[in-house]
Amino acid sequence: MDKRELIITATCDLIAENGLQATPISMVAKEACCGAGTIYRYFETKEELIEDVYLTLMERFTDACLKDLDESASVREQLNSVWLNLYHYMREVPRDALLLDQLSVAPAIRGELQEQGKRRLKEKIDPLFERGREEGLIKDIPDDVLGVFVYGGISTLLRTDRNAPCAVPTEVTDEMLLSICWGAIEKRD
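Notes on the structure in this doc start here. (Residues numbered from 1 in each chain as written. Predicted model: local features only at pLDDT ≥ 70, side-chain atom pairs only at ≥ 80, totals over all residues. Heavy atoms only, no water.)

1. A closer look at the environment of Leu 84
Okay, step 1: Relative to the helices and strands, Leu 84 resides in helix H5 (residues 75–92).
Okay, step 2: On the basis of relative accessibility, which here comes to 18%, the residue Leu 84 falls in the buried class.
Okay, step 3: For the pair Leu 84 and Glu 175, spaced 91 residues apart in the sequence, the C-alpha separation amounts to 9.5 Å.
Okay, step 4: Each residue touching Leu 84, except ones within four places of it in the same chain, is listed here: Asp 174, Leu 177 and Leu 178. (Helix = DSSP H or I, 4+ residues; strand = E, 2+ residues; numbered from the N terminus. Buried < 20%, exposed > 50% of the residue type's maximum accessible area, 1.4 Å probe, protein only. Contact = heavy atoms within 4.5 Å.)

Next comes the structure, spelled out in structure tokens:
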């Protein structure tokens, strides 16, 4: 791993553990085993470092969601695949789940940067939502709202399991998860 990657990894670990505001450059330098000056050789400001962390995180997140996606499958099958990939990724990599919770609402992540980070995933998901609406499967609600409901439900379920495991003592099966996701967006006559 090169020094730049070490800095990004250290920043990810520290933000997930301590929060964005409680992660100064000096702490990142110590965790990455380098001096603050080294960090500033790669990133002009802390904000630039955080932006790069966000884009790196969104790339990993998108790769995980789209893993093994069969684009010839039905809308339902493709969305099921994305949702299960998302759920399993966030369970297996809780650090990234914590980072997403924090960085997706951080004022430091400008709107245009958020759009850039989400672009590749939206390019795959939004046409599925549109096709689903055309096929009468999905509610006639804007894509962003549909995405927030599904992601928010999955994220909240995982956060609850992580922070208060006794609050949901039942193991969530893939079938339960998909039922909940479809329940949020499925058009009913």
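2. Some remarks on the packing of aromatic side chains
Okay, step 1: Using the criterion set out here, one finds three aromatic pairs in the structure.
Okay, step 2: Both rings, one in Phe 61 and one in Tyr 151, keep their centres 6.1 Å apart while their planes meet at 90°; by these two values the pair is edge-to-face. Of this pair, Phe 61 sits in helix H4 (residues 46–66) while Tyr 151 sits in helix H8 (residues 143–163), and the two are 90 residues apart along the sequence.
Okay, step 3: The exposure class assigned to Phe 61 is buried, which follows from its relative accessible area of 6%.
Okay, step 4: Here Tyr 151 falls in the partly exposed class, since its relative accessible area comes to 23%.
Okay, step 5: Taking the centre distance of 5.2 Å and the plane angle of 70° together, the rings of Trp 83 and Trp 182 count as edge-to-face. Of this pair, Trp 83 sits in helix H5 while Trp 182 sits in helix H9 (residues 174–185), placing them 99 residues apart in sequence. Side by side, Trp 83 and Trp 182 carry an identical accessibility label, which is buried. (Phe/Tyr/Trp six-rings, centres within 6.5 Å; stacked < 30°, edge-to-face > 60°.)

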